[in-house]
Structure formats: structure tokens, C-alpha cells
Amino acid sequence: MATQHDIALTRALTGIPGPLPPSGVIHVSFPHASRFTIVGNHLAQHDGLSLTAIGIGVHIQSLPAGSQVGIKALTARFAEGETTIAAALRELETHGYLHRTRARLANGRLTTRTVFCDQPSALLRGGAVAPAAVAVAPRPVMTPVVPVPPPAPEPTPVPEEEHPPVRVPSRIAPKPPRRPLPQPRELTPELHRAAFALLADLRRHAPELVLTEDDVEELVPGAAAWLERGAHPDAVRHALTAELPQPPKYPAKIVRHRLAALLPPPLPGSSDLAPVRRAPATPFQTCEGCDRAFRSPDPGHCRDCRAQYWEAA
């Protein structure tokens with residue numbers, strides 16, 4: 001949708017006399033009544049100055065007399081650093097636009113006197129200096145009146161269709177759910193006592209694993225599941241205390257994770273360990289009719305010979 005600024009620009013372009021250039025910049029010029037500065041093209045289009053130097057030169061020329069144009073003042077005004085601004089001021093000095101000299105005041109103090117010349121070539125020719133206090137009013141420019149066509153009606157805004165919000169998948173993978181604590185098939189009093197003693201005794205082998213009584217009582221089913229599956233207490237103790245993080249922040253969580261993640265499978269029975277019996281292979285027999293070898297539990301004739309005998313019968 002065209003903004004108010006775009007519509008005004010379209011109107012201004014229609015008022016420019018003559019055909020518009022097919023490419024390049026198009027100037028839309030209006031006479032200034034106040035707050036303007038006359039800048040010569042010898043500065044604005046200087047082929048020996050950098051863009052920073054041209055910009056700082058135009059800025060200094062637009063300031064009133066007595067304004068501070070030192071490196072500190074320009075650095076506080078613009079985003080460029082002191083090195084860039086100092087280099088631009090040296091360029092202006094080299095081409096005669098800027099003059100900085102040391103002068104002594106009436107009270108004896110030294111100060112830097114900065115003079116900016118808007119036409120260095122005129123200064124070399126000895127031209128007259130225009131008084132700074134006198135402002136020259138610009139001559140009115142007579143421009144032919146060009147009929148402006150009526151503005152085109154603004155298009156009726158079409159309401160945009162509401163789309164359902166799109167969910168962007170998160171780059172962070174969700175944490176897997178915590179494994180449940182193993183449970184024995186039957187927690188007998190003897191199994192509970194052995195699991196409780198095993199967990200309470202962990203701090204003798206790993207001083208970092210100091211579990212509270214409530215933690216031990218909560219973790220007893222997990223240790224009991226290990227013992228029920230035939231794990232030796234030393235094997236359970238080694239699995240819970242080996243290669244601990246230093247320092248362990250949450251001992252109970254470490255023990256719970258290892259009881260769930262390192263749980264061994266149940267011991268196989270004797271029938272599971274028995275070797276697998278292979279089916280006996282059918283032996284080879286020699287055909288009594290054609291001496292061909294064929295597989296059969298009993299001696300006799302092969303398939304082709306039996307078919308010939310059946311046809312003859």
C-alpha cells in the first residue's frame with residue numbers, strides 16, 4: 001500500500017518539466033527560505049577528498065562562527081572514531097579548506113584558531129571576502145506552472161487473510177523421560193534388609209555418596225531388584241561407586257540413575273543355556289534303478305524311476 005510520502009513524491013515528479021532520465025538520480029528541488037547553506041561543487045564533488053572529509057567539510061561550513069569543530073567535538077557528534085575524523089581534517093587542511101594555527105590571547109593563554117575557507121581557489125586569487133553577518137536572500141526562481149493532474153484515488157485496502165500460527169520446531173531436543181526405578185517381583189523382609197544395608201554402606205567405599213535415611217528407603221526397591229537378579233553385592237557396589245563426577249551434587253539422583261540405567265538382565269535358567277539341537281539331516285541313498293544319489297530315510301528308487309515304474313504298471 002502506498003504511503004502518504006510516496007503519494008506526495010509521485011505528485012512532485014509529475015511537476016518536473018521535460019522527460020525524466022531513464023536511469024540515475026532525479027532531483028526534486030524546492031527553494032529554501034531558512035536554515036540552508038550554499039556549498040560549492042568544488043567541495044561536494046571534490047575528486048581528491050574522501051567521502052568522510054567532504055561530509056565533515058559540509059558540516060563545518062554549515063555551523064555558525066564560534067562553534068567547536070575539534071576532534072573531540074566531532075567525535076561526540078558523529079559515529080566515526082577519532083582516527084577517522086583526524087584523517088579527514090588533515091585532508092581538508094591539505095586541500096586548503098581548513099587552517100589551524102596557534103594564537104596567543106590577550107590574557108597570555110595559547111589557543112587553536114580554526115579557519116574554514118569555503119573557496120580556497122578564491123583565497124589564492126585574492127578575492128574579496130563576503131561579510132559573514134550579511135545574509136544574501138536568494139532570488140526567486142520563476143518556474144513554469146505545470147497543471148497537476150488530480151491525484152489517483154487511493155486503492156481500497158484489502159483485509160489480509162488470517163493464517164493460523166505456524167509452530168517452529170525447537171532446536172533443543174526434548175529431554176527423554178526419566179527411567180523408572182526397578183522393582184523386584186517380591187520384596188521380602190530379607191531382601192529389604194540386604195538392599196538397605198548395601199545402600200547405607202556406600203559411604204564407606206565412596207565418601208561422596210552420603211544418603212539420607214529417606215533416600216535409602218526410597219532406593220531400596222532398585223537395589224533389591226539387582227540382588228533378586230543374582231547380582232553380587234560387590235558388583236552392585238562397584239556399579240554405584242565407580243567413576244563418580246567430582247564433586248557429586250546430588251548423590252541420591254546419581255544412585256537412582258545408575259540403579260535404573262545399569263540394571264543387568266535376569267540370570268538365564270539351565271534350560272536356556274542348553275545347546276540348540278539341530279534336526280538330523282536326511283541321508284543320501286543310491287537309486288537301485290539308475291545309480292543316482294538322492295536323499296531318503298530308506299533305500300529304494302529315486303523320484304524319476306518311481307514315476308517310470310508307476311507308468312509301466
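Structure: see above.
Because the structure is predicted, anything quoted here is derived from the model rather than measured. (Residues numbered from 1 in each chain as written. Predicted model: local features only at pLDDT ≥ 70, side-chain atom pairs only at ≥ 80, totals over all residues. Heavy atoms only, no water.)

Student: Could you give an account of the side chain of Gln285, naming the residues involved and the relevant values?
Tutor: Tracing the chain through its elements places Gln285 in strand β3 (residues 284-286). The buried category is assigned to Gln285, whose relative accessible area is 17%. Within the structure, the side chain of Gln285 is placed 3.1 Å from the backbone oxygen of Ser296, a separation counted as a polar contact. (Helix = DSSP H or I, 4+ residues; strand = E, 2+ residues; numbered from the N terminus. Buried < 20%, exposed > 50% of the residue type's maximum accessible area, 1.4 Å probe, protein only. Polar contact = N/O pair within 3.5 Å; in protein donor to acceptor, adjacent residues only side chain to side chain.)

Student: An account of the pairing of strand β1 (residues 98-104) is needed here, citing residue identities and associated values.
Tutor: Bridge count for β1 against strand β2 (residues 110-116) is seven bridges, and the pairing is antiparallel. Pairing of Arg104 across the sheet is with Leu110, part of β2. Between β1 and the antiparallel strand that follows it, β2, lie five residues; Gly108 among them carries a positive phi value of about 95 degrees. (Pairing = 2+ DSSP bridges.)

Student: Got a sec to walk through unusual backbone geometry? Specific residues and values, please.
Tutor: In this structure, Pro247 follows Gln246 across a cis peptide bond, with omega equal to -10 degrees. Checked against the element boundaries, Pro247 lands in the loop between α10 (233-241) and α11 (251-261). The residue Glu243 is not glycine, and still its phi comes out positive at about 50 degrees. Counting through the fold element by element, Glu243 comes out in the loop between α10 and α11. Among the residues examined, Glu243 registers a relative accessible area of 78% and is labelled exposed.

Student: Quick one: what's the story with the pattern of salt bridges, residue by residue and with numbers?
Tutor: What the rule picks out here adds up to seven salt bridges. One salt bridge in this structure joins Glu93 and Arg100, with 2.9 Å as the shortest N-O distance. On the basis of relative accessibility, which here comes to 30%, the residue Glu93 falls in the partly exposed class. Look at Arg100 and you get partly exposed, because its relative accessible area is 33%. The closest approach of N and O atoms between Arg237 and Asp201, which form a salt bridge, is 3.9 Å. With Arg237 in helix α10 and Asp201 in the loop between α7 (189-200) and α8 (202-205), this pair connects stretches of sequence that are 36 residues apart. By relative accessible area, which is 15% here, Arg237 ends up buried. Using a relative accessible area of 17% as the deciding quantity, one classes Asp201 as buried. Salt bridges sharing partners connect three or more residues here, namely Asp201, Arg204, Asp234 and Arg237. (Salt bridge = Lys/Arg side-chain N within 4 Å of Asp/Glu carboxyl O.)

Student: For the packing of helix α3 (residues 51-62) against helix α5 (residues 82-94), give the residues involved together with the corresponding values.
Tutor: The description of two helices packed together rests on the angle between their axes and the distance between the axes. Packing of α3 against α5 brings their axes to within 9 Å, and their N-to-C directions diverge by 75 degrees. Judged by the angle between their axes, α3 and α5 are roughly perpendicular. Judged by residue contacts, Thr52, Ala53, Ile56, Gly57 and Ile60 of α3 engage Thr84, Ile85, Ala88, Leu89, Glu91 and Leu92 from α5. Taken together, the residues that form the contact of α3 with α5 break down as seven nonpolar, three polar and one charged. (Axes fitted to C-alpha atoms, helices over the stretch in contact; angles between N-to-C directions. Parallel < 35°, antiparallel > 145°, perpendicular 65-115°, else oblique. Contact = heavy atoms within 4.5 Å. Nonpolar A, V, L, I, M, F, W, Y, C, P; charged D, E, K, R; others polar.)

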